[in-house]
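# A look at the structure
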Amino acid sequence: MAVAAGVTVLVATPAAAQQQTSVTANPASAPAGSTATFTWSGFYRCKGTVRIGWAGSVLATAPWSANGSVTATIPAGSKVGTYTFTASDECQHLARNQFTVTPPPPVTTTRPPVTTQPPVTKPPVTNPPVTTRPPVVTTTTTPPVTTTTTTTTDSSAPPSSSTTDALTNPGDGVLVLDKDNIQPGDDLTATGTGCPKGASVTLRSLGQDVGRTTADENGEFRSPVRFANIEPGRHKVRAECGIVLVGNVDVTLSSSSQGTTSTLVVLLFFLLVGAAMLRRQFSGLRR
């Protein structure tokens with residue numbers, strides 16, 4: 001109101017000038033990521049929404065009221081420093097204030113108290129007496145190896161099992177003949193082991209080849225033995241396949257004359273018995 005020359009003049013004052021808007025934050029400083037309550041007042045004669053602005057972006061919103069508050073979280077990416085925040089509505093009411101972002105509080109690590117255990121007393125350990133025993137001496141007696149070589153060809157010698165010759169390595173293999181005693185013309189088969197895989201095997205006896213074959217993948221072989229000419233007695237059969245395996249066989253001749261003589265003796269006995277019976281019958285008739 002103004003007075004001029006006794007006349008009173010009323011001057012209208014805008015409503016916006018008569019109203020004082022404000023906004024505050026509680027707390028006014030805190031680390032980034034913490035929460036604060038923003039309170040505004042003096043926002044009259046409006047409607048809609050009240051917005052809390054932070055660094056050019058909307059931090060929070062609330063339904064319009066002349067006086068109100070809203071809780072919001074300080075952006076986690078905010079650096080330490082002072083920031084201006086605002087409160088505004090749709091009627092162009094605006095209020096500003098400042099908020100200080102402080103460093104985060106130091107992390108305090110509380111260590112548990114150290115508990116001292118009482119010392120553990122262990123009873124003394126008594127070691128048993130040491131008993132010394134004399135070492136056990138084991139004596140192994142290996143009998144001497146006796147090698148017997150037969151050089152005769154006596155047909156009366158008893159048959160012997162075929163085995164490896166003393167000149168060969170006994171750990172390399174063995175030659176087995178399926179018969180110890182044969183007569184000329186009888187079948188004879190040789191079986192052997194210990195030859196190299198796939199080796200050629202030659203069987204020899206009396207200076208002649210008596211058989212040929214090939215060892216299989218296990219070094220084993222089997223072959224018939226055929227003598228072209230053979231005499232009675234003991235003969236060696238040698239299998240040569242990289243190593244030499246030797247076996248023995250006895251050759252005997254059957255005597256047909258002995259069988260004939262026996263038959264004649266039997267016949268003569270019956271003839272004599274028959275003659276004696278005839279004599280008795282004639283003697284009885286004479287009497």
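Our subject in this report is the structure included herewith. (Residues numbered from 1 in each chain as written. Predicted model: local features only at pLDDT ≥ 70, side-chain atom pairs only at ≥ 80, totals over all residues. Heavy atoms only, no water.)

## Overview of the pairing of strand 11 (residues 174-177)
Every second residue of strand 11 is oriented toward a common face, the buried set being Leu175 and Leu177 and the non-buried set Val174 and Val176. Relative to strand 13 (residues 189-193), strand 11 is paired through 4 bridges, and the arrangement is antiparallel. Counterpart to Val174 in the pairing with strand 13 is Thr193. (Buried < 20%, exposed > 50% of the residue type's maximum accessible area, 1.4 Å probe, protein only. Helix = DSSP H or I, 4+ residues; strand = E, 2+ residues; numbered from the N terminus. Pairing = 2+ DSSP bridges.)

## A few points about the packing of aromatic side chains
Summed over all chains, the structure comprises 3 aromatic pairs. When the centroid spacing of 5.2 Å and the interplanar angle of 20° are considered together, the rings of Trp54 and Tyr83 count as stacked. Of this pair, Trp54 sits in strand 6 (residues 49-54) while Tyr83 sits in strand 9 (residues 81-88); the two residues are 29 residues apart in sequence, bridging distant segments of the chain. Of the residues examined, Tyr83 reaches a relative accessible area of 21% and is grouped as partly exposed. Taken together, the ring pairs connect Trp54, Tyr83 and Phe99 into an aromatic cluster. (Phe/Tyr/Trp six-rings, centres within 6.5 Å; stacked < 30°, edge-to-face > 60°.)

## Topic: the pattern of salt bridges
Tallied over the full model, the rule gives 4 salt bridges. The shortest N-O distance in the salt bridge between Asp209 and Arg204 comes to 2.5 Å. Residue classification places Asp209 among the partly exposed positions, given a relative accessible area of 36%. Note that Arg212 and Asp209 form a salt bridge whose closest N and O atoms lie 3.0 Å from each other. Under the relative-accessibility criterion, Arg212 is labelled exposed at 58%. Put simply, Arg204, Asp209, Arg212 and Glu240 are held in one network by salt bridges that share partners. (Salt bridge = Lys/Arg side-chain N within 4 Å of Asp/Glu carboxyl O.)

## Points about the sheet that holds strand 15 (residues 208-214)
Read from one edge to the other, the open sheet built from 5 strands follows the order 12-18-17-14-15, with strand pairing classed as mixed. Here the strands that pair on one side only, and so sit at the sheet edges, are strand 12 (181-182) and strand 15. Pairing of strand 12 with strand 18 (residues 244-251) involves 2 bridges; the strand directions are parallel. Residue pairing in the sheet places Ile182 in a bridge with Val251 of strand 18.

## Considerations on the state of the cysteines
Counted according to the given criterion, the structure contains 2 disulfides. Through a disulfide, Cys46 is tied to Cys91; the S-S separation comes to 2.0 Å. Here the S-S torsion is close to 95°, and the disulfide linking Cys46 with Cys91 is therefore right-handed. A residue pair is termed long-range when its members are at least 10 positions apart, and Cys46 in the loop between strand 5 (35-41) and strand 6 and Cys91 in the loop between strand 9 and strand 10 (94-102) qualify at 45 residues. With relative accessibility at 13%, the residue Cys46 sits in the buried group. In this model Cys195 forms its disulfide with Cys241; the gap between the sulfur atoms is 2.0 Å. Classification of the bridge connecting Cys195 and Cys241 rests on its S-S torsion, roughly -80°, and on that basis the disulfide is left-handed. (Disulfide = S-S within 2.5 Å.)

Any functional reading would require information that these geometric values do not contain.
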